[in-house]
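# Structural overview for review
Read off the chains here:
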Amino acid sequence: MILFDHVTKLYPTQQRPALDDVSLEIEKGEFVFLVGPSGSGKSTFLRLVLREERPTKGQVWVLGKDLNRLSNWKIPMLRRQIGTVFQDFRLLPNKTVAENVAFALEVIGKPSSHIKKVVPEVLEVVGLEGKESRRPDELSGGEQQRVAIARAFVNRPMMLIADEPTGNLDPGTSVGIMKLLDRINRLGTTVVMSTHDAQIVDQMRRRVIELEGGHVVRDQTRGVYGYAQ
Amino acid sequence: MRATFVASEVGNGLRRNLTMTLAVIITVAVSLALFGASLLVRAQVSAMKDFWYDKVEVSIFLCSKGSDTPSCAGGAVTAAQRDQIKADLESLRPLVDEIYYESKAEAYQRFTEQFKNSPIVDNVTEKSLPESFRVKLADPTKYDVVASAFAGRPGIEQVNDQRQVLDKFFQLLGGLQAIALLIAGVMLVVTVLLIVNTMRVAAFSRRRETSIMRLVGASNFYIQLPFLLEAAFAAAIGAVLAIGALVLMKVVIIDGVLAPSFQFTAFVGWEAVAAIAPVMLITGIALAGLAAFFTLRKYLRV
């Protein structure tokens with residue numbers, strides 16, 4: 001699913017690489033937490049997977065493709081198979097819940113008959129049935145993140161990338177979001193989630209990859225948040 | 001491709017950016033109107049050239065008694081010289097299209113007709129007017145061939161090309177056309193800069209939408225298409241306004257003022273307007289589309 005082979009990423013303006021010779025593999029169907037302090041390289045890792053950045057050295061394989069050799073016009077095809085969720089939700093404020101989800105399908109040219117069918121389905125999966133015509137500012141933070149997850153998941157991607165999805169939410173709401181991500185994972189989607197939330201990581205007991213200063217300092221199959229010894 | 005979705009995006013974009021859209025429409029209209037006007041002047045010049053070059057002649061004036069040019073030192077032209085000139089002219093066919101001899105009597109008749117309301121007629125006698133060959137050339141630009149063959153020959157006082165007089169006038173019109181074209185060029189540059197800026201603002205004001213589109217894997221084409229269509233649409237409206245202005249120029253200035261006042265010459269017809277209009281439309285849309293395309297490539301990267 002994801003394979004990093006001695007990947008180094010050095011941003012032009014910085015002395016120290018954001019990722020330094022990182023090698024790791026994430027298998028299909030896994031649920032992986034990416035933890036580490038700010039500036040440890042989590043975001044760079046996710047940006048490399050989405051091919052928003054290219055590695056300075058090494059190879060990144062995602063969904064069986066060598067991203068170094070992926071031509072620009074094929075990048076959209078890659079991203080259609082990867083759902084993305086962010087801390088700040090990134091919803092369109094002037095569109096309703098259903099329109100926000102439908103937008104993701106409209107812009108990749110799906111027929112409206114297909115959109116009419118799958119949008120209510122995915123809204124039910126994320127628990128937003130009955131709120132289709134609300135606007136984002138009429139929803140709670142947790143509900144807004146559910147809309148974002150619905151949008152990321154509506155195209156049934158192979159993989160879901162979540163960059164601190166609970167960062168703006170209170171603990172109770174976070175639990176709900178985690179249950180939803182867990183459910184999506186059980187439907188067969190690989191989930192990679194970066195987080196600072198120790199409680200969530202400790203509860204879920206899934207694979208934990210800890211980054212620090214651009215290095216992988218810990219990779220545990222059923223890990224807790226903690227810190228590398 | 002979902003046409004209704006793209007159309008609604010274009011509509012939204014134009015409405016949200018209304019002032020900039022209006023600015024683009026107006027500059028496109030003004031610059032294309034100037035561009036069209038300069039093309040119309042060019043069409044007018046060529047219409048007049050066709051009209052006049054068909055009528056202009058090279059006049060070969062023959063020596064008469066008292067002519068003081070060196071080639072007339074031998075006095076009035078002799079019958080032998082005249083026949084030789086005629087024979088030489090005949091040998092220049094097919095460059096020479098028509099040869100027509102005008103005797104002193106015919107010259108006098110024409111002169112009195114041309115100046116019948118002027119007292120000058122009283123001072124001119126038949127004898128004082130030179131006899132001449134009037135030569136119509138198949139290609140009026142080949143005047144030099146005739147001039148070099150006959151100018152300075154004994155028995156020939158002067159070789160005149162009416163075309164040279166007309167050319168001064170055409171140069172004036174050509175100058176006007178160049179100025180219109182120059183202003184149109186400057187305006188088109190301004191238009192391009194404005195479109196670039198408009199696209200930048202539009203891309204910035206919709207960065208939220210476009211970033212989401214990128215994220216969910218919309219193709220570049222799909223992301224840029226609404227912007228391109230907006231630019232092209234605004235340019236098309238501007239071009240239509242400019243074509244309207246061109247039609248107005250034709251109706252009011254040419255047909256309304258110039259044609260009735262200057263009946264001795266030809267003016268451009270509607271077929272010229274019909275030929276220029278699509279050029280304006282295509283220029284406007286292509287310019288806007290290209291400006292938008294290159295701007296977006298910079299501001300909407302994958």
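Scroll up a little and you will see the structure.
Residues numbered from 1 in each chain as written. Chains lettered and ligands numbered in written order. Predicted model: local features only at pLDDT ≥ 70, side-chain atom pairs only at ≥ 80, totals over all residues. Heavy atoms only, no water.

### A short note on the sheet that holds strand β2 (residues 96-102) of chain B
Residue and element names in this part refer to chain B. The cut-off we apply is this: Only strands that DSSP links by at least two bridges are regarded as paired with each other. Numbering of helices and strands runs from the N terminus, with a helix taken as a DSSP run of H or I at least four residues long and a strand as a DSSP run of E at least two residues long. In this description, a line fitted to the C-alpha atoms serves as the axis of each element, helices being fitted only across the stretch in contact, and the angle between N-to-C directions of two axes falls anywhere from 0 to 180 degrees. Only heavy atoms matter for contacts: two residues are in contact if any of them lie within 4.5 Å across the pair.
With antiparallel pairing, the four strands of this open sheet are ordered in space as β2-β3-β1-β4. The open sheet is flanked by β2 and β4 (156-161), the only strands paired with a single partner. Direction aside, the axes of adjacent strands within the sheet are offset by 15° on average. Note: strand β1 (residues 58-62) against strand β3 (residues 132-137), four bridges, orientation antiparallel. Across the sheet, residue S59 finds its bridge partner in β3, namely R134. In the packing of helix α3 (residues 79-91) onto the sheet, the strands contacted are β1, β2, β3 and β4, and the crossing angle to β3 comes to about 0°.

### A short note on the side chain of R134 of chain B
The line we're drawing: What qualifies as a polar contact is a pair of N or O atoms within 3.5 Å, subject to a donor-acceptor requirement within protein and to the restriction that residues adjacent in sequence count only when both atoms come from side chains.
Checked against the element boundaries, R134 of chain B lands in strand β3. A polar contact of 3.1 Å, which involves the side chain of R134 of chain B, links it to the side chain of E102 of chain B.

### A few points about the packing of helix α5 (residues 141-153) of chain A against helix α6 (residues 171-186) of chain A
Residue and element names in this part refer to chain A. Let me state the cut-off plainly: In what follows, roughly perpendicular refers to angles from 65 to 115 degrees, roughly parallel to angles under 35, roughly antiparallel to angles over 145, and oblique to any angle outside these ranges. Crossing handedness is read from the near helix: turned anticlockwise from the far helix by less than a right angle, it gives a left-handed crossing, and turned clockwise, a right-handed one. Under the scheme applied here, ten amino acids are nonpolar (Ala, Val, Leu, Ile, Met, Phe, Trp, Tyr, Cys and Pro), four are charged (Asp, Glu, Lys and Arg), and all others, including Gly, are polar.
At a minimum axis distance of 10 Å, the contact between α5 and α6 shows a crossing angle of 15°. Compared by their axis directions, α5 and α6 come out roughly parallel. The two elements α5 and α6 cross, and the hand of that crossing is right-handed. Together, G142, Q145, R146, I149 and F153 of α5 and T173, G176, I177, L180, L181 and I184 of α6 make up the contact between the two elements. Residue composition of the contact of α5 with α6, grouped by class: six nonpolar, four polar and one charged.

### Points about the pairing of strand β6 (residues 82-86) of chain A
All names here are of chain A. Rules: Per-residue accessibility, obtained with a 1.4 Å probe over protein chains only, is compared with the maximum for each type, and a residue is labelled buried under 20%, exposed over 50%, and partly exposed between these values.
Of all five residues in β6, five are buried; the element is thus mostly enclosed. Burial of β6 is two-sided: the residues I82, T84 and F86 facing one way and the residues G83 and V85 facing the other way are all buried. Note: β6 against strand β7 (residues 159-163), five bridges, orientation parallel. When the bridges of β7 are listed, T84 appears paired with I161.

### Here's the deal with the pairing of strand β8 (residues 190-194) of chain A
Looking down a regular strand, the side chains alternate between one sheet face and the other. Residues and elements named next belong to chain A. Burial runs high along β8: five of the five residues are buried. What you see with β8 is no split at all: T190, V192 and S194 on one side and V191 and M193 on the other are buried throughout. Of the pairings in the sheet, the one linking strand β3 (residues 31-35) to β8 comprises four bridges and is parallel in character. Residue pairing in the sheet places F33 in a bridge with M193 of β8. Summarising the sheet, β7 and β8 pair through five bridges and their orientation is parallel.

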